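Fold and geometry: a report
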Amino acid sequence: MKFAISIPFYKFMEGKPVESLIAMMADIHSRGDVYCPIFAHSIAIDAARNAAVKVFIKQTPDADYFLSLDTDQVYSAEALYSLVRTMEKNDYSQLSAAYIARSIPGYYAHCGFDKNGNGGKIPAPQKGIIECHTVGFGFNLLRNDFVKRMAGKHTVLFKSDPVKQLGEDVWFCDLQREEGIPVRFDADTKVGHVSSVVL
């Protein structure tokens with residue numbers, strides 16, 4: 001199995017995420033699988049994520065999965081392979097791990113649907129697979145064919161909206177739902193979120 005691991009560098013990366021990234025990559029290698037890190041640099045998160053997708057398609061077209069990370073997560077191969085097993089069992093195109101929002105303790109960083117169909121934070125803890133409005137891209141696993149299909153249809157996959165205070169992940173998830181593919185996270189597969197990082 002081959003993973004393209006995307007890390008957008010639009011802010012500094014703290015010690016715990018660095019240590020966990022190295023450990024995760026070592027674990028992937030020990031299982032006989034392959035990882036290809038993509039370090040995308042930009043002053044803006046949406047530009048970095050868009051650049052990472054272009055690199056993925058051009059340089060690692062044979063990867064089975066595209067793992068989108070953020071610089072303030074605490075990663076694990078255990079979480080990665082848990083997502084893979086669930087995706088393969090259910091034939092999902094996308095699945096995120098669960099993690100708590102930095103700004104709202106006790107709530108996931110992912111958003112559910114309110115009565116108007118818009119996003120709203122989901123209280124933790126939950127169980128199992130949760131279909132939602134938006135997932136953060138801090139530990140989000142996407143199938144190769146899904147990423148290529150999205151990139152083939154849309155010139156911009158990630159776009160922040162500072163006026164509406166919407167992150168780049170909302171834009172992607174809106175496109176994903178328009179394609180008829182539910183946005184999901186696995187509440188039983190958890191990764192850390194470093195609380196001391198300030199955007």
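Scoring rules and cut-offs
Position numbers for residues count from 1 along each chain, tracking the sequence in the order it is written. Only residues with pLDDT of 70 or above have their local features reported here, since the model is predicted, and side-chain atom pairs are shown and tallied only from 80 upward, although totals for entire chains, interfaces and linings are computed over all residues. Neither water nor hydrogens contribute to the side-chain values; these are computed over all heavy atoms in the structure. Helical segments are the DSSP runs of H or I of at least four residues, strand segments are the runs of E of at least two, and each set is numbered from the N terminus. Just to be clear, the radius of gyration here is over C-alpha atoms, and the globule rule we use is 2.2 Å times residues to the power 0.38. With a 1.4 Å probe rolled over the protein chains alone, any residue whose accessible area is under 20% of its type maximum counts as buried; one over 50% counts as exposed, and the rest are partly exposed. Contacts between residues were defined by any pair of non-hydrogen atoms, one from each residue, lying within 4.5 Å. Note on areas: Shrake-Rupley with a 1.4 Å probe; residue coverage comes only from the protein chains shown. Stacked, tilted and edge-to-face are the three classes applied to pairs of Phe, Tyr and Trp rings, where Trp contributes its six-membered ring and a pair requires centres within 6.5 Å; stacked means planes under 30 degrees apart, edge-to-face means over 60, and tilted covers the rest. Note: two strands are recorded as paired if DSSP finds a minimum of 2 bridges between them. Note on geometry: axes are C-alpha line fits, over the in-contact stretch for helices, and angles between N-to-C directions span 0 to 180 degrees. Take the far helix as your reference; a near helix turned counterclockwise from it by less than a right angle gives a left-handed crossing, and one turned clockwise gives a right-handed crossing. By convention in these notes, a salt bridge is any Lys or Arg side-chain nitrogen within 4 Å of a carboxyl oxygen on Asp or Glu.

Turning our attention to the overall build of the chain. Scanning the chain from N- to C-terminus turns up 5 helices and 11 strands. The globule rule puts the C-alpha radius of gyration for 199 residues at 16 Å, and the 15 Å found for the chain is close to it. Each of the three principal axes of the chain carries a C-alpha extent, and together these read 45 × 40 × 35 Å. In the chain, which comprises 199 residues, the share counted as buried stands at 51%. In the chain, the proportion of contacts linking residues at least 24 apart, taken out of those at least 6 apart, comes to 72%. When the accessible surface of the chain is split by element, carbon and sulfur atoms take 54% of a total near 9,500 Å².

By convention here, two paired aromatic rings are described through the distance between centres and the angle between planes. Inspection of the entire model under this criterion finds 10 aromatic pairs. Their ring planes at 90 degrees and their centres at 5.2 Å tell us that Phe137 and Phe158 sit as a pair that is edge-to-face. Of this pair, Phe137 sits in the loop between strand S8 (129-132) and strand S9 (139-143) while Phe158 sits in the loop between helix H4 (144-153) and helix H5 (168-178), placing them 21 residues apart in sequence. A relative accessible area of 2% places Phe137 in the buried class. A network of ring pairs unites the aromatic residues Phe137, Phe146, Phe158 and Phe172 as a single cluster.

Strands belonging to one sheet form pairs held by backbone hydrogen bonds; the direction of such a pair is parallel or antiparallel. Strand order across the open sheet formed by 7 strands is S2-S1-S3-S9-S5-S10-S8, with mixed pairing between neighbours. Each edge of the open sheet is held by one strand with a lone partner, namely strand S2 (34-41) and S8. Between one strand axis and the next, the sheet turns by 25 degrees as a mean value, whatever way the strands run. Note: strand S1 (residues 2-9) against strand S3 (residues 65-69), 4 bridges, orientation parallel. Residue pairing across strands places Ala4 opposite Phe66, the latter belonging to S3.

In this section: the packing of helix H2 (residues 45-59) against H4. The geometry of H2 relative to H4 is characterised by a closest axis approach of 11 Å and an angle of 115 degrees between their N-to-C directions. The two elements H2 and H4 meet at a crossing, and its hand is left-handed. Contacts between H2 and H4 involve Val53, Phe56 and Ile57 from the former and Asn144, Val147, Lys148 and Ala151 from the latter.

Take the side chain of Thr71 next. For Thr71, the position within the fold is in the loop between S3 and strand S4 (73-74). The contacts of Thr71, once residues within four sequence positions are left out, are Ile7, Pro8, Phe9, Lys11, Phe12, Met13, Glu14 and Pro17.

For side chains bearing opposite charge, pairing can occur when the charged atoms are close. Per the stated rule, a full pass over the model turns up 8 salt bridges. Lys2 is the salt-bridge partner of Asp62, the closest N and O atoms lying 2.9 Å from each other. One end of the pair, Asp62, is in the loop between H2 and S3; the other, Lys2, is in strand S1, with 60 residues separating them in the sequence. Take Asp62: its relative accessible area is 48%, and that puts it in the partly exposed class. According to the relative accessible area criterion, Lys2 is buried, its value standing at 19%. Within this structure, Arg49, Asp70 and Glu168 form a network of salt bridges that share partners.

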